[in-house]
Amino acid sequence: MKEKITGAEALMRSLENEGVDVMFGYPGGAIMPTFDALYDHRKTLNHILVRHEQAAAHAAQGYARVSGKVGVCLVTSGPGVTNTITGIADAMMDSTPIVVIAGQVGASFLGSDAFQEVDLVGVTQPISKWAYQIRRPEDVAWAVSRAFYIARSGRPGPVVLDFAKNAQVGMVEYEPQHIDFIRGYVPEPDIDPVAISEAAAMINAAKRPLVLVGQGVELGNAQDEMREFLETADMPAGCTLLGLSALPSEHRLNVGMLGMHGSLASNVKTQECDLLIAVGMRFDDRITGKLATYATQAKKIHFDIDPSEINKNVKVDLAVLGDCKQTLAQVNKLLKKNSHTEWIESFKPYFEKERTVVIEKEIHPTEGPIKMGEVVNVVTQQTGNKAIMVTDVGQNQMMAARYFKFTQRRSVVTSGGMGTMGFGTPAGIGAAFGAPDRDVCVFLGDGGLQMTIQELGTIMENQVPVKLILLNNNYLGNVRQWQAMFFNRRYSFTPMTNPDFMKIAEAYRIPCQTVIDRKDLAAAVRTMMDTKGPYLLQVAVEEEGNVLPMCAPGHDVDDMMLEFK
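Described in the following lines is the structure provided in the data block. Everything numeric here is computed off the predicted structure, so don't read it as measured data. (Residues numbered from 1 in each chain as written. Predicted model: local features only at pLDDT ≥ 70, side-chain atom pairs only at ≥ 80, totals over all residues. Heavy atoms only, no water.)

Re the packing of aromatic side chains
Under the counting rule described, the total for this entry stands at 14 aromatic pairs. Relative to Trp 142, the ring of Trp 130 lies with its centre 6.0 Å away and its plane at 85°, an arrangement referred to as edge-to-face. Pair noted here: Trp 130 is in strand β6 (residues 130-134) and Trp 142 is in helix α7 (residues 140-152), with a separation of twelve residues, a long-range link. You can call Trp 142 partly exposed: its relative accessible area is 29%. The lysine or arginine in question, Lys 269, covers the ring of Phe 347, its NZ or CZ lying 5.8 Å from the ring centre. (Phe/Tyr/Trp six-rings, centres within 6.5 Å; stacked < 30°, edge-to-face > 60°. Helix = DSSP H or I, 4+ residues; strand = E, 2+ residues; numbered from the N terminus. Buried < 20%, exposed > 50% of the residue type's maximum accessible area, 1.4 Å probe, protein only. Lys NZ or Arg CZ within 6 Å of the ring centre and 35° of its normal.)

Thoughts on the sheet that holds strand β16 (residues 412-413)
Taking strand neighbours across the sheet as the criterion, the six strands line up as β16-β15-β17-β18-β20-β19 in an open arrangement whose pairing is parallel. Either end of the sheet is taken by a strand with one partner, and the two such strands are β16 and β19 (512-515). For strand β18 (residues 466-472) and strand β20 (residues 535-540), the ladder comprises six bridges, and the chain directions are parallel. Looking across to β20, one finds that Leu 471 is bridged to Val 539. Sheet strands touched by helix α17 (residues 372-382): β17 (440-445), β18 and β20. Its angle to β18, the strand with the most contacts, is close to 160°. Each of β17, β18, β19 and β20 is contacted by helix α24 (residues 521-530), which is oriented at about 165° to β20, the strand it contacts most. (Pairing = 2+ DSSP bridges. Contact = heavy atoms within 4.5 Å. Axes fitted to C-alpha atoms, helices over the stretch in contact; angles between N-to-C directions.)

So, α7
For α7, which comprises 13 residues, the first-to-last C-alpha distance of 19 Å matches the rise-based estimate of 18 Å (1.5 Å per residue) to within 8%. Most of α7 is tucked away: eleven of the 13 residues are buried. Of all the residues in α7, the buried ones are Val 140, Ala 141, Ala 143, Val 144, Ser 145, Arg 146, Ala 147, Phe 148, Tyr 149, Ile 150 and Ala 151. Close packing links the buried residues of α7 with α1 (7-17), β4 (71-75), β5 (98-104), β6 and β7 (158-164). Following α7 by one or two positions, Gly 154 adopts a phi angle in the positive range, close to 60°. (Expected span 1.5 Å × (residues − 1).)

What about the sheet that holds β4?
Read from one edge to the other, the open sheet built from six strands follows the order β3-β2-β4-β5-β7-β6, with strand pairing classed as parallel. At either end of the open sheet lies a strand with only one pairing partner, and these are β3 (46-49) and β6. Adjacent strand axes in the sheet meet at a mean angle of 20°, parallel and antiparallel pairs treated alike. Bridge count for β4 against β5 is five bridges, and the pairing is parallel. Across the sheet, Val 75 pairs through a bridge with Ala 102, a residue of β5. Packing against the sheet, α7 makes contact with β4, β5, β6 and β7, and its axis sits at approximately 170° to β6. Against the sheet, helix α19 (residues 424-434) touches β2 (22-25) and β3, its axis set at about 160° to β2.

Considering the packing of helix α9 (residues 193-205) against helix α14 (residues 324-332)
Between α9 and α14, whose axes approach to 9 Å, the crossing angle comes to 60°. It follows that α9 is oblique to α14 by the angle criterion. Along this stretch, α9 crosses α14, giving a crossing that reads as right-handed. Between α9 and α14, the contacting residues are Ile 196, Ala 199, Ala 200 and Ile 203 on the first element and Thr 327, Gln 330 and Val 331 on the second. (Parallel < 35°, antiparallel > 145°, perpendicular 65-115°, else oblique. Left-handed = near helix turned anticlockwise from the far one by under 90°.)

Some thoughts on unusual backbone geometry
Of note, the amide linkage connecting Leu 548 to Pro 549 takes the cis form, showing an omega dihedral of 0°. Looking at where Pro 549 falls in the secondary structure, it is placed in the loop between β20 and β21 (550-551). Not every positive phi belongs to a glycine, and Asn 385 is a case in point at roughly 60°. With respect to the helices and strands, the residue Asn 385 is situated in the loop between α17 and β15 (388-391). Positive phi, normally seen in glycine, also occurs at Phe 493, with a value near 60°. In this structure, Phe 493 sits in the loop between α22 (477-486) and α23 (501-507).

Section: helix α3 (residues 53-67)
Here α3 spans 21 Å end to end across 15 residues, near enough to the 21 Å set by a 1.5 Å rise per residue. Most of α3 is tucked away, with 14 of its 15 residues classed as buried. Gly 68 sits one or two positions beyond α3 and adopts a positive phi of about 80°.

Here's what the structure looks like:
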C-alpha cells in the first residue's frame, strides 16, 4: 500500500519534482496547512518571506527573468492573493513564467462569502495563461505539473493555482506527475518550411534590412542564432526594452534601443528600411509611434511563437511561426553571406547627432547638478558592463535602459508592458536569488522606491546582495516631464516631499551613502560595489531633467525631440 500524505505535503513534493529551490511568499490563515508542510522542506525549498504579497509576485518575476526557470510565490487567500494581481498582470504582459499558489477556503464554503474568500479563478483568468482551483488532494500533483508546463512552454506566462483548504489537509496516495502534452494546447506552432524559404529569399534580396530584436530571443535562448542571423546577412538591429541584452551593446550591428526614448538612428532608419524583420516582439505602441505611418515603405517579416501577435498591431507580409531558436537556425542555413556597408554607414550621422546633442551632455556634463544618465554610466562602467540591470518605472527606467551596457544575456529585469511602479526593489531581490553569482544593480526613483519600500526588510533579513541606486529628483519624474512638455508645466501632484532615505536604510541595517557632488560619485559607486551584501546609494540628481530623445505619443517614430527647454 502506498504512503498516504496530506495535499499540502503533496504540493511540497510536487514543487521539488519540478526542480523548485526558491520561492517567495507570505503566510496566512487559508494557506497555513501548506506552510506547516513547508516547515519540513526548508532545506530543499528556500522560502523567502517578503513584506507584502505584491513583492512576492515581482520577486518571482525577477527570479524567472534571469534564471530562465519558473518563479514561484505562495500566499494566502483574499487580500493575500489579490495583492499579487498586479504582478500576475505584469507577468502576463511581459511573458514571464511564474506560478502563484494561493490558499482558499474549504470547498464546502465556496460561494458563501466566507472570511477571506475571493473568486480567484474568475479574477485572474483574463490575466493569466491558466487559473485552476484545486478542490481535492488527489488533484494536487496533476495540477502542479500542468501549471509548470503551461507557465514555461510556448510563450511563457503566469499560472494561478487556487488551493482549497480541504484539499490541503485531505489525505492522498501521492504519485509524481509529469505533463508535457495537453490536448488542445499548442505551445509551439509547427514550422512552415515554405515560410522559412520565403523569409530567407526576402532577406537575401533586401538592400536596406533592419532587424527588431525582442525579448522572445532571450526567452527562446536564441542569442547565438540571432548573432549568426545578423552577421551572415550583415543586418543592423535595434532592440526593444526587454530585448536589450539579447545582443551585446557594443556589437557592431547593434544600432540601439527602439521606440519612444530609443536611439535616433534606429527610429529614423525604421522609416527608411526596405525590409523590417521583427523577432520575438509584439509591435508595442511605444515602439511603433503612429501606427498608420509606421514603416509603410518596408516589407515586413514577423518571427513569433504566438500566432495571436501576427497582424495584431502591424500588418506583415510574411509570418514565420515557431520557436525562434529553431526558426532562425533554419533561416540561417539559407542565408547568403551579404554586405550592407553603405546602409550601415548611413546610420552613423544619426549616432553622431544624438551623441553630441544628447548623450555627451547627459553622461559627461561639466557643470550643474548630477544627471541620471551620468550615474548609470558610472555604474555600468564599474561593473565592467557585466551586471544585471533591474529598474523600477519612470525616468530611472529609461535612463538605465539608454545608458547601461550589456555583455551577458538575460541581464534586463524591468516592467515593460505594465509599467509597474514599485517593481524594482522586489524584482531585484528575485534576480539576486536567480543569479547569485552576478552583480544586481537596481535603479530606482524616489516615487517607485516608496511603493515597495517595506521590502528593505526582506533585504535585511536575507542579506540580499542587491545594489540599490536611488536617483532622487524629488519628483514623480516621468509624469513631471510629460506635464512640462504637454501640460504647460502645470506640475499637478508630481513634486514630492521625501523622507530621509538614509535614516530608513540605517533602520533596516543596510549600508548607505548620499552623493550630492559630482566629484564624489565614482568613489561612492566603487564603495557600493565593493561592499558585500546590500547597499543603498542615493544620488541627488537634476530635479527637472528630461529623458531625451523622445517621440511624442501619436507622432511618427522618426519624429524625435532631441532638446527641450
